[in-house]
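A look at the structure
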Amino acid sequence: EQGYIHYAAGLFCRPHHGCLYELQRMAGAETLAMGVGAISVTDGYMVRNTNNLRLYVKHAGNFEKMTAKVLTTTDDFMMARYAQGCLETTEGLLSERFEKRFNTQIPDFIRAQLSACADTGLIEEKDGRFVPTQKGQYQALYGPLLHFED
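The paragraphs below set out a description of the structure included in this document. (Residues numbered from 1 in each chain as written. Predicted model: local features only at pLDDT ≥ 70, side-chain atom pairs only at ≥ 80, totals over all residues. Heavy atoms only, no water.)

1. Description of the overall build of the chain
Helix and strand counts for the chain come out as seven helices and eight strands. Here the C-alpha radius of gyration of the chain, 16 Å, is about what a compact globule of 150 residues would show, namely 15 Å. Viewed in the frame of its principal axes, the chain has a C-alpha envelope of about 50 × 40 × 25 Å. Entry remark: accessible area of the chain is about 9700 Å², with carbon and sulfur atoms responsible for 51%. Separation between the mean location of the 15 positive side-chain charges and that of the 18 negative ones in the chain comes to 9 Å. (Helix = DSSP H or I, 4+ residues; strand = E, 2+ residues; numbered from the N terminus. Rg over C-alpha atoms; globule rule 2.2 N^0.38 Å. Areas by Shrake-Rupley, 256 points an atom, 1.4 Å probe, with all protein chains shown as cover. Lys, Arg positive; Asp, Glu negative; His and termini not counted. Charge placed at Lys NZ, Arg CZ, Asp CG, Glu CD.)

Quick look at the structure:
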């Protein structure tokens, strides 16, 4: 409507004008994000800033004090992050793209999550493409469809 397209859960834009950060994040690319609650993934680490605005402002410039969590990323983490990001888009997760990007098939630990999502009606599989249903897109507004341990 009025030239806007739906490109991800809760996100609309004019063609080719989507939020660059969100597009990069959903594509599983390294991201550098700033602000309260921002999550960066770069150089083998995932870093989340505090969600507390007062703490963030008080310690602005002191990276260690405004950081809430730091994880070392693994190949499994990056694959799961990519799969989750794809499921937030209207295009979904394509097995062929996953295999090209990671030089492997979708691993069993991700397939198990995809199966659970399909069983609850959050996604559908069509010709090697896992696509969020309307229910899945709604759920993605409030949290990830796939759930992995930190």
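2. Section: the pattern of salt bridges
The full count for this structure, using the stated rule, is four salt bridges. For the salt bridge of Arg25 with Glu88, the shortest nitrogen-to-oxygen distance reads 2.6 Å. Taken together, the residues Arg25 in helix H1 (residues 20–26) and Glu88 in the loop between helix H4 (75–87) and strand S6 (93–94) connect sequence positions 63 residues apart. Between Lys126 and Glu124 there is a salt bridge, and its shortest N-O distance comes to 3.4 Å. For Lys126, a relative accessible area of 47% corresponds to the partly exposed category. Three or more residues joined by partner-sharing salt bridges are found here, namely Glu22, Arg25 and Glu88. (Salt bridge = Lys/Arg side-chain N within 4 Å of Asp/Glu carboxyl O. Buried < 20%, exposed > 50% of the residue type's maximum accessible area, 1.4 Å probe, protein only.)

3. Quick look at helix H6 (residues 108–119)
Spanning twelve residues, H6 covers 16 Å between terminal C-alpha atoms, matching the ideal 16 Å at 1.5 Å per step. Every buried residue of H6 is accounted for by Ile110, Leu114 and Cys117. Along H6, the residues classed as buried sweep out an arc of 60° about the axis, all on the same side. Relative to its buried face, H6 has exposed residues pointing more than 90 degrees away, namely Asp108 and Asp119. (Expected span 1.5 Å × (residues − 1). Arc of directions from axis to C-beta.)

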